[in-house]
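# A structural walkthrough
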Amino acid sequence: MTRALASLGPANRAARHEETHPLTWRLRDDGQPVWLEEYQQKNGYAAARKALAEMAQADIVQQVKESGLKGRGGAGFPTGVKWGLMPADESLNIRYLLCNADEMEPNTWKDRLLMEQLPHLLVEGMLISARALKAYRGYIFLRGEYVDAARNLNRAIEEAKAAGLLGKNILGSGFDFELFVHTGAGRYICGEETALINSLEGRRATRAPSRPSPPPSASGASRPA
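As a starting point, this report considers the structure included with it.

Scoring rules and cut-offs
- Residues numbered from 1 in each chain as written.
- Predicted model: local features only at pLDDT ≥ 70, side-chain atom pairs only at ≥ 80, totals over all residues.
- Heavy atoms only, no water.
- Helix = DSSP H or I, 4+ residues; strand = E, 2+ residues; numbered from the N terminus.
- Buried < 20%, exposed > 50% of the residue type's maximum accessible area, 1.4 Å probe, protein only.
- Contact = heavy atoms within 4.5 Å.
- Areas by Shrake-Rupley, 256 points an atom, 1.4 Å probe, with all protein chains shown as cover.
- Salt bridge = Lys/Arg side-chain N within 4 Å of Asp/Glu carboxyl O.
- Phe/Tyr/Trp six-rings, centres within 6.5 Å; stacked < 30°, edge-to-face > 60°.
- Pairing = 2+ DSSP bridges.
- Axes fitted to C-alpha atoms, helices over the stretch in contact; angles between N-to-C directions.
- Patch = residues over 30% accessible without salt bridge, like charges linked within 9 Å, V, L, I, M, F, W, Y side chains within 5 Å.
- Right-handed = clockwise from strand over helix to strand, strands pointing away.

Let us look at the overall build of the protein chain. A tally of regular secondary structure across the protein chain gives ten helices and three strands. When its helices and strands are written in sequence order, the protein chain yields α-α-α-α-α-β-α-α-β-α-β-α-α. In the protein chain, which comprises 225 residues, the proportion classed as buried is 43%. Partitioning the contacts of the protein chain with sequence separation of at least 6, the portion at a separation of at least 24 is 64%. For the protein chain, the exposed surface amounts to about 12,200 Å²; the carbon and sulfur share of it is 53%.

Attention shifts here to the pattern of salt bridges. Applying the stated criterion across every chain, the model contains nine salt bridges. With a shortest N-O distance of 3.3 Å, Arg137 and Glu178 are connected by a salt bridge. On the criterion of sequence distance, the pair formed by Arg137 in strand E2 (residues 137-142) and Glu178 in strand E3 (residues 178-183) is long-range, its members being 41 residues apart. The exposure class of Glu178 is partly exposed, given its relative accessible area of 32%. What emerges from the salt-bridge pattern is a single network uniting Arg28, Asp30, Glu38 and Lys42.

Take the packing of aromatic side chains next. Inspection of every chain in the model, using the stated rule, returns five aromatic pairs. Summarising the aromatic geometry, the rings of Tyr39 and Tyr45 are spaced 5.4 Å apart at their centres and angled 80 degrees between planes, so their arrangement reads as edge-to-face. Judged on exposure class, the residue Tyr39 and its partner Tyr45 are both buried. Taking 6.5 Å as the distance between ring centres and 15 degrees as the angle between the ring planes, the aromatic pair formed by Phe175 and Phe177 counts as stacked. On the basis of relative accessibility, which here comes to 8%, the residue Phe175 falls in the buried class. The exposure class of Phe177 is buried, given its relative accessible area of 0%.

Time to look at the sheet that holds E3. Hydrogen bonds between backbone atoms are what pair the strands of a sheet, whose relative direction is either parallel or antiparallel. The three strands lie next to each other as E1-E2-E3, forming an open sheet whose pairing is parallel. Each end of this open sheet is capped by a strand with a single partner; those strands are strand E1 (96-101) and E3. When the angles between neighbouring strand axes are averaged without regard to direction, this sheet yields 20 degrees. Where E1 meets E2, six bridges bridge the pair, whose relative direction is parallel.

Taken together, the side chains of Ile94, Tyr96, Leu98 and Tyr136 present a nonpolar region at the surface, about 340 Å² in accessible area. With respect to the helices and strands, the residue Ile94 is situated in the loop between helix H5 (79-84) and E1.

Two faces belong to every sheet, and in a regular strand the side chains alternate between them. Counted residue by residue, E2 has five buried out of six residues, so it is predominantly covered. Bridging between E2 and E3 involves six bridges; their strand directions are parallel. Bridging from a neighbouring strand, Tyr139 pairs with Phe180 of E3. For the crossover that starts at E2, traverses helix H8 (residues 147-162) and ends in the parallel E3, the hand is right-handed.

Any functional reading would require information beyond the geometric quantities listed.
Listed below in structure tokens is the structure:
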């Protein structure tokens, strides 16, 4: 088996439909990455276009709350509730969006499959999230060993930029969003949000001794040392 097919498995061979497999129905049977042209042929970026052109930020947050969408980690924390923790006063902060793609749990590769084979799915999700939260810059904090995922995500980001789906004035909406991939150094603790932020800022990847106030969703990056 070639390196390009390293994550090929049952998810690629199973019968998949949009209604029953919302995350994986776009996967190719041969395990190769789905790039921008094919992704858009499979209804990719349709949700982002709707979010940018037809919905206010508060409406996106409310729809996510009503959907019951939850994080895919162990806590299963409601996404809409987490988004609602962002402070309403935009003048108090510059907003960043962080994606925890460290995935350091042993034998846990659920996100690796998506990042290697459907990188635009993550890029689109980050774009919608940024629109909802009014964030102008995003970082995908990626496990350093995920070399293929890093390469494919960076290519997807470049494709999205060239198509006007990232950068300044996205699709003429007046919304700006830049996205970057940051690879970690293999620290398990970076799965915890405060340790992840410390590492992203170039500090030692250690967890905050007590929950900061306000929480990271409000204080975020560049907190006092």
